[in-house]
Amino acid sequence: MKEHLQRAMQHNQILDIVYIAKDQSITKRRIKIIKMSGDHVQAYCFSRHAKRNFIIDNILAVHPVNKKVRGLQA
């Protein structure tokens, strides 16, 4: 998991994650990683419109967000 997160941070990639919150609820967040330190990730959370800290072990799934540009078809 750390390798995927590290790669996403290096490429400034936006991620959708599935995360276990402090209250044990499972949430889906859209984040952009700012930095990684030990077992934590600091990221901008688009869902909360703020910087948040995430425990890496509580991240259940990671999916990169693809930016698709719609073009005109002939």
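For the structure itself, consult the block above.
These numbers come from a predicted model, not from an experiment. (Residues numbered from 1 in each chain as written. Predicted model: local features only at pLDDT ≥ 70, side-chain atom pairs only at ≥ 80, totals over all residues. Heavy atoms only, no water.)

Draft legend 1. Just the overall build of the protein, in detail. What the protein contains, in helices and strands, is 1 helix and 5 strands. Taking all 74 residues of the protein together, 26% fall into the buried category. Considering only contacts in the protein between residues 6 or more positions apart, those separated by 24 or more positions represent 40%. Of the accessible surface of the protein, which amounts to about 5,700 Å², a share of 48% is contributed by carbon and sulfur atoms. (Helix = DSSP H or I, 4+ residues; strand = E, 2+ residues; numbered from the N terminus. Buried < 20%, exposed > 50% of the residue type's maximum accessible area, 1.4 Å probe, protein only. Contact = heavy atoms within 4.5 Å. Areas by Shrake-Rupley, 256 points an atom, 1.4 Å probe, with all protein chains shown as cover.)

Draft legend 2. How the structure looks around the side chain of Arg-29. Among the secondary structure elements, Arg-29 is positioned in strand E2 (residues 26–37). For the buried Arg-29, no salt bridge exists, and the shortest N-O distance to an oppositely charged side chain is 7.8 Å, to Asp-23. Setting aside anything within four residues of it in sequence, one finds Arg-29 in contact with Leu-15, Asp-16, Ile-17, Cys-45, Ser-47, Arg-48, Arg-52 and Phe-54. (Lys, Arg positive; Asp, Glu negative; His and termini not counted. Salt bridge = Lys/Arg side-chain N within 4 Å of Asp/Glu carboxyl O.)

Draft legend 3. Expanded view of unusual backbone geometry. Even without being glycine, Gln-24 reaches a positive phi, approximately 70 degrees. Of note, Gln-24 is situated in the loop between strand E1 (14–20) and E2. Even without being a glycine, His-49 presents a positive backbone phi close to 55 degrees. Along the chain, the position of His-49 falls in the loop between strand E3 (40–45) and strand E4 (50–55). Overall, His-49 belongs to the exposed group, its relative accessible area being 61%.

Draft legend 4. The arrangement of the nonpolar core in detail. Grouped together as the largest cluster of nonpolar side chains are 13 residues, with contacts concentrated most on Leu-5, Leu-15, Ile-17, Ile-31 and Phe-54. When residues of this core are traced back to their parent elements, those giving at least two are helix H1 (2–10), E1, E2 and E3. Beyond its immediate chain neighbours, meaning those up to four positions away, Leu-5 contacts Leu-15, Ile-33, Met-36, Val-41, Ile-56, Ile-59 and Val-62. (Core = buried A, V, L, I, M, F, W, Y, C linked by side-chain atoms within 4.5 Å.)

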